Amino acid sequence: MLRHHLTLGLRNARRAPLATAVNVLTLAIGLACFLTAYSFVAFLDRAEAHFPAAGRTYVLTESFAFGNDFVRSNLTSTPEPAAEALEAFFPGVNGTRAIPIAGATSVASGGNATRLTAVAVDADFLDVFPLPFATGDAATALRSPRSAVLTREAAARLFGADDALGRPLTIANGVEATVVGIVAAVPEPSHLGRSASAPVRFDMLVSVDVNDAIRAALTPTGAPRQNDNWVGGNAITYLVLPDRLRVADIARALPDFVTSRVPASQRESSSIAFGLLPVRDLLRASIDDELFSGDFGVSASSVLLALGALVLAVACVNYANLATARAARRVREVGVRKAIGAGPRQIGVQHLFEAALLTGVALLAAFAVFRAALPLLETASGMDLSAVLLGGAGFYGFLAALAAVATVAAGAYPALVLARVEPIAALRSSLAQLGAKRLAGVLVGAQFAAASLLVIAVTVTWLQNEKLVRTGLGAVADPIVLIETESRMTKVDGAALRAELGRLPQVKGVTQASNLPWTRLVAISLVAASPEAAAERTRVLVKTVGFDFFEVLGIEVLAGRVYSAALGDAEPGPASASAHRAVVDRAFVEQFGLGSPAEAIGREFYQPGFGGTASSPTTIIGVVENRRLTFRGAGAEAVVYGLYDNLDFTYVRVSRDDLTGALAGIDGVWKRLAPNVAISRRFFDEAFDQAYERFARLNQVFRALSLMALAISTAGLVGIASLVVGRRRREIGVRKTFGASTAQITALLLNAFGRPVVVANAIAWPIAYFAARAYLRAFLDPVALGPAPFALALCVTLGVAWLAVGAQTVRAARLKPADVLRSE
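Cut-off values and rules
- Residues numbered from 1 in each chain as written.
- Predicted model: local features only at pLDDT ≥ 70, side-chain atom pairs only at ≥ 80, totals over all residues.
- Heavy atoms only, no water.
- Helix = DSSP H or I, 4+ residues; strand = E, 2+ residues; numbered from the N terminus.
- Contact = heavy atoms within 4.5 Å.
- Phe/Tyr/Trp six-rings, centres within 6.5 Å; stacked < 30°, edge-to-face > 60°.
- Buried < 20%, exposed > 50% of the residue type's maximum accessible area, 1.4 Å probe, protein only.
- Arc of directions from axis to C-beta.
- Salt bridge = Lys/Arg side-chain N within 4 Å of Asp/Glu carboxyl O.
- Pairing = 2+ DSSP bridges.
- Core = buried A, V, L, I, M, F, W, Y, C linked by side-chain atoms within 4.5 Å.
- Expected span 1.5 Å × (residues − 1).
- Bend = angle between axes of the 7 residues up to and from the residue.
- pLDDT = per-residue confidence, 0-100.

## Re the side chain of Ser109
Of note, Ser109 is situated in strand β4 (residues 105–109). Excluding its chain neighbours within four sequence positions, the residues that come into contact with Ser109 are Leu158, Phe159, Pro168 and Leu169.

Here is the structure:
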């Protein structure tokens, strides 16, 4: 029987090579898209699987709110004392921490210096996450005071080919430590791995006392200790649960933990809640937060898998549509087979077998394309996909299941239609209309609805990305160099650095800021228009800057003035008037209804205290043009610029005519001020490109998927058109006999093919609108969502549909009635 089905399937494929090729090609495209999406999801599902305790390890999350105005949810950066407190509150639970050391940490040994990503960890961290040690003793590493473990790459940067074990290090230009181990690459996938989205990437692990020593050197006398604060934090806290404890039991007891351990003063001023996240979900959560800023409400992997499934569904619908249309030419074959005894079940199985045969060929082609593109996918994503996907029977079992699902989805309806053909009706004609009368139009519409959704997604993300580029880089012609000063960590005096850089002939301006542009580390403040404790509070972004910031960045002053030492502005302090002055942007003026920029000068706003009190008023001294130096606003729209001195990042505007000399001069100044600290600098546009990359990748994904969906829909429509036009030849002949012109016939046929595309767009538009609104809401400066993306989707899909059927339509419209009706 199998041989019989195979023989018939191959014979039918030879009889209709074009339809067979179209079906195989479109199914291969759909399967390749779904395989690509699945590869990323499968990669994330295997996260931390190589760590023995991963199934029992959870990450503590924190949510807190000040009233209803400032809410942060499910943060994985938590208070440092939480691990020890949780161990005491839940006997048997093992708590350990990873504490990222801020910035690119300065590390030197001998005459070599570099910047490394450093993380301080508790002594038992390596028990929970046993890393692949190349040299050193994993059992004792980081248990000795002032110890450090380097990656192979970091050791090569510092020591070259020399043995690094036991060598001394100077960290943060002042804290001594010793290398006690070298680790190889962390097996992927992992939140500790090399992926660009891994939240705990590191070049160096150090014992916690190294971080304590760095912090002690940085903390001013009398400042509050880090361990006193339970609202937010810098530690990633891991909890390893014993077998006798369930995570649900721990979660239910966490409110009691807050009541018993968090100081009453902090509980009164804010609401604090803790939760637990499986460590195996941490990498996925980091990607979601990076891509959608936690505001989109869905997982990036779910979106990607849904999009891949959508393209595959379009391919399956295309197969069903084309196979059903072509089945009209096979009714006489079915009639003959039924007349000699074949039952409906045999007919259905035969056509399902043909679908399975074509699906199998398409899957082999899709897998070959996927395998060939895998190095490119790994480079683009920074994920080691091959290690997860191509080793083991699980993946190939998934391929078999995928082939079965695609076979049923694509071939079930055509098989059912042919199985229900009556022999007498089939033998009367070799050409018939099968299936529901309007089904072909519905299936074509379903394909183009998916294509319309993807075209709108491409357009919206592209428009938003273009606005990010246009408003982000601004119009400053001269290059701007960003230097990670971090005076407390590098011991480089910010004022001295600015003075020395200002003397370079290639330097046109020097300023400082609290962070790099377009980083997610933005400060949020609550602002009210009146001093009343009950006044409505509005979120604003707060950017702390130094003198000359607006001049260096080329930000236009609309009214008033900006900060100036000559006019009495100085670093805010208890006796400084600058603490009660602010420069705001145009969005602030508009949001608070302050009239024109000139009318806003001298107006006051308030930053209410969370305990119900109001702060002293802050007076607006200047209004500047909007300049978005961050992509995400966390619900804020306006920016308040505060003045401070000796900030962590120095911005240097240099002459584009002598860029090489400018960079050499900057490096020379840094070397004189900090001979034992490697400089960390980048260009302004490089920082933008690095932050912008994830949005560009999202647009590329949408673009590729939309092109695939359009290609599948177009190929299917070409096949459908050839069959439908053939079925309507007699109708065309009759119409032309009664006087219809070629143009009228062409319009009639184009209207018939275009109508389901228009209806599909009308159905897709509301879905696309709400999805686009949700996506754009996360941006500080979203593009206006007008009718253009929807109109473009209609034009593209309708234009593609007409182009696909145009040649056949015109050819059919030009038929001579006598050639069609001579046999009537």
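There's plenty left to go through after this.
## Brief notes about the packing of aromatic side chains
Taken as a whole, this structure holds 18 aromatic pairs when the rule is applied. Ring geometry for Phe125 against Phe129: centres 5.1 Å apart, planes inclined by 45°, an arrangement best described as tilted. In this structure Phe125 comes out as buried when scored by relative accessible area, which is 1%. Among the aromatic residues, ring-to-ring pairing joins Phe89, Phe90, Trp230, Phe257 and Phe274 into one connected group.

## A short note on the environment of Asn211
Topologically, Asn211 is positioned in helix α6 (residues 208–218). Judged by its relative accessible area of 5%, Asn211 is buried. Spatially, the C-alpha atom of Asn211 lies 9.1 Å from that of Val121, the residues being 90 residues apart in sequence. With sequence-adjacent residues up to four places away left out, Asn211 is seen in contact with Ile99, Ile101 and Ala120.

## Focus: helix α5 (residues 152–159)
Within α5 the residues assigned to the buried category are Ala154, Ala155, Leu158 and Phe159. Down the axis of α5, the sector holding all buried residues measures 105°, keeping them to one side. Within α5, the exposed residues directed more than 90 degrees away from the buried face are Arg152 and Glu153. Directly beyond the C-terminal end of α5, a positive phi value near 65° is found at Gly160.

## Quick notes on the pattern of salt bridges
Overall, the coordinates contain 16 salt bridges when judged by the stated rule. Asp249 is paired through a salt bridge with Arg246; the nearest N and O atoms lie 3.3 Å apart. In this structure Asp249 comes out as partly exposed when scored by relative accessible area, which is 26%. For Lys508, the salt bridge identified is with Asp478, shortest N-O distance 3.0 Å. In this pair, Lys508 sits in strand β15 (residues 507–513) while Asp478 sits in the loop between α16 (439–473) and β14 (480–484), placing the two residues 30 residues apart along the sequence. When its relative accessible area of 9% is taken as the criterion, Asp478 is described as buried. Here the salt bridges do not stand alone but share partners, grouping Asp45, Asp281 and Arg284 into one network.

## Brief notes about the pairing of β4
For β4, the tally of buried residues reaches five of five residues, placing the bulk of the element in the interior. A two-sided burial pattern is seen for β4, the buried positions comprising Thr105, Val107 and Ser109 on one face and Ser106 and Ala108 on the other. Bridging between β4 and strand β5 (residues 112–116) involves five bridges; their strand directions are antiparallel. Pairing of Ser109 across the sheet is with Asn112, part of β5. Remark: two residues form the turn of the hairpin made by β4 and β5, two consecutive strands paired antiparallel; Gly110 in that turn has positive phi of roughly 60°. Two strands pair when backbone bridges link them, and β4 and strand β9 (residues 168–171) are joined in this way by two bridges, in the antiparallel orientation. Of the residues in β9, the one forming a bridge with Val107 is Ile171.

## Details of the nonpolar core
Counting residues in hydrophobic clusters, the biggest one holds 114 residues, and the most contacted among them are Phe549, Phe550, Phe588, Tyr641 and Tyr651. Leu131, Ala141, Leu192 and Phe202 belong to the second-largest nonpolar core, a separate cluster that totals 28 residues.

## Some details on helix α25 (residues 742–776)
Within an α-helix, residues lying three or four positions from one another point in the same direction, as the helix has 3.6 residues per turn. Under the 1.5 Å per step criterion, the end-to-end length of α25 is 47 Å for 35 residues, consistent within 8% with the ideal 51 Å. The sharpest bend along α25 comes to roughly 30°, located at Gly754, with the proline Pro756 sitting one to four residues further on.

## Structural notes on the confidence of the model for the protein chain
Mean pLDDT over the protein chain works out to 79, with 79% of the residues at or above the 70 mark. Here residues 430–436 is a poorly scored stretch, pLDDT under 50, and it has 22 contacts once near neighbours within four places are set aside; other chains count. Counting interchain partners and residues more than four positions distant, the pLDDT-below-50 stretch residues 573–577 has three contacts.

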